[in-house]
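Fold and geometry: a report
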Amino acid sequence: MSTMPNTMRAVQTVAAGAPFELREIPVPEAGPGQVRVRVRACGVCGGENIARFGALGTPFPRVPGHEIAGEVDAVGAGVTAWRVGDRVGVGWHGGSCFTCEHCRRGDFVNCVERKIVGASYDGGYAEYVSVPQDAVARVPDGLSFTEAAPLMCAGLTVFNALRNSGARAGDTVAVHGIGGLGHLGVQFADRMGFRTVAISRGRGKEKLARELGADAYVDSTEGSAGEALAALGGADVVLTTVGVSPAQADLVQGLRPNGRMIVAATDHQPVEVDPELLVFGRREVTGWYSGHARDAEETLAFAALKGVRPITQEFALERAEEAFQGMARAEYRNVLVP
């Protein structure tokens, strides 16, 4: 008869900007209203910089990681929705207060007391993690844990943005960037029935983009990507997954009248858009990030149903620093497998 260990391996941030460290720490308990998850896979995401640099008041040490997939290992008092053995995922949004103005309207992502997994409390770069039961999403049997993990943040973000974009089947949707977010965005756009245009630097990713479902391809090194997009008839929606403000500003001219550009990545610089493009044509520039657990569950279900899968590379927990440093070169989502 197996005995539950008292300690576990976990990767922690220890000082602002310092490399991750693999340590042995106590296994967390499943407190009241909490679910403990045996982590089977955890995606590596740029959002880990919050914990790495101690942003938003995140203390040291902290276990990062918010693209979690695994099995329920224990449930705390008052947990009614989950049972030991359930296949589950946990994403960026780590819990809501349910009483603020936004929560009372069902806008849980904008909860004024929202929790961020791996920042507000320890995340998934570990063998176990305990989270509020409302932060948990069900993982369908059709997805492996390694496939499900990146969908809990990267996949959720692009799926949620596209399904709330206002685009209808047959509309033209451009996905800017064919990387960790964009390679999933192209797949979701294609499966949603959009005419999908992939935009990337160079021709190196054109073959892959078309294999993922792109109907057309724009090489942004050959001139203005916005002008090239306009020459294709313009886009009803542009989903930009590359945080380069000048490139994002250029793409606005590729929008059709009443078109919308959705910013899902940022370099923390202003996007300088010609206001005449907004006024004449009633174009919009808006933003999107993440979603709550129900959004994640619907992302996973759609991905399982329609064959959307992340391209992944697995790393052992002790290689977390290597996986994090390799994000920019990754093809296309690095995943830790504890």
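Residues numbered from 1 in each chain as written. Predicted model: local features only at pLDDT ≥ 70, side-chain atom pairs only at ≥ 80, totals over all residues. Heavy atoms only, no water.

Let's shift gears to the packing of aromatic side chains. Taken as a whole, this structure holds seven aromatic pairs when the rule is applied. Each ring, one from phenylalanine 20 and one from tyrosine 125, has its centre 5.7 Å from the other, and the planes form 80°; the classification is edge-to-face. Highlighted residues: phenylalanine 20 in the loop between β1 (7-12) and β2 (21-26) and tyrosine 125 in the loop between α2 (101-104) and β6 (128-132), separated in sequence by 105 residues. Across this residue pair, the class does not change: phenylalanine 20 and tyrosine 125 are buried. With a centroid separation of 5.1 Å and 55° between ring planes, the pair formed by phenylalanine 159 and phenylalanine 188 is classed as tilted. Of this pair, phenylalanine 159 sits in helix α3 (residues 145-163) while phenylalanine 188 is found in helix α4 (residues 182-191), placing the two residues 29 residues apart along the sequence. One exposure class covers both phenylalanine 159 and phenylalanine 188, and it is buried. Through successive ring pairs, a cluster of aromatic residues spans Phe20, Tyr125 and Phe324. Positioned above the aromatic ring of phenylalanine 145 is the side chain of arginine 87, whose terminal nitrogen or guanidinium carbon lies 4.5 Å from the ring centre. (Phe/Tyr/Trp six-rings, centres within 6.5 Å; stacked < 30°, edge-to-face > 60°. Helix = DSSP H or I, 4+ residues; strand = E, 2+ residues; numbered from the N terminus. Buried < 20%, exposed > 50% of the residue type's maximum accessible area, 1.4 Å probe, protein only. Lys NZ or Arg CZ within 6 Å of the ring centre and 35° of its normal.)

Judged by pairing direction, the sheet is parallel, and its six strands sit side by side in the order β10-β9-β8-β11-β12-β13 without closing on themselves. Each of the sheet's edge strands pairs with one partner strand only, and the pair in question is β10 (216-219) and β13 (284-287). Within this sheet the neighbouring strands show an average axis-to-axis angle of 20°, counted without direction. Judged from the four bridges that link them, strand β9 (residues 195-200) and β10 form a sheet pairing that is parallel. Residue pairing across strands places valine 197 opposite alanine 216, the latter belonging to β10. (Pairing = 2+ DSSP bridges. Axes fitted to C-alpha atoms, helices over the stretch in contact; angles between N-to-C directions.)

α4 sits mainly inside the fold: eight of its ten residues count as buried. Within the span of α4, buried status applies to Gly182, His183, Leu184, Gly185, Val186, Gln187, Phe188 and Ala189. Among the structural elements, α3, β8 (172-176), β9, α5 (206-212), α9 (293-306) and β15 (333-336) are those in contact with the buried residues of α4. Phi turns positive one or two residues past the end of α4, at glycine 193, with a value near 90°. (Contact = heavy atoms within 4.5 Å.)

So, on to the environment of aspartate 107. When you line up the elements, aspartate 107 lands in the loop between α2 and β6. Its relative accessible area of 30% is what places aspartate 107 among the partly exposed residues. Remark: the alpha-carbon pair of aspartate 107 and glycine 291, spanning 184 residues in sequence, is separated by 9.4 Å. One polar contact links aspartate 107 to asparagine 110, side chain to side chain, over a distance of 3.0 Å. (Polar contact = N/O pair within 3.5 Å; in protein donor to acceptor, adjacent residues only side chain to side chain.)

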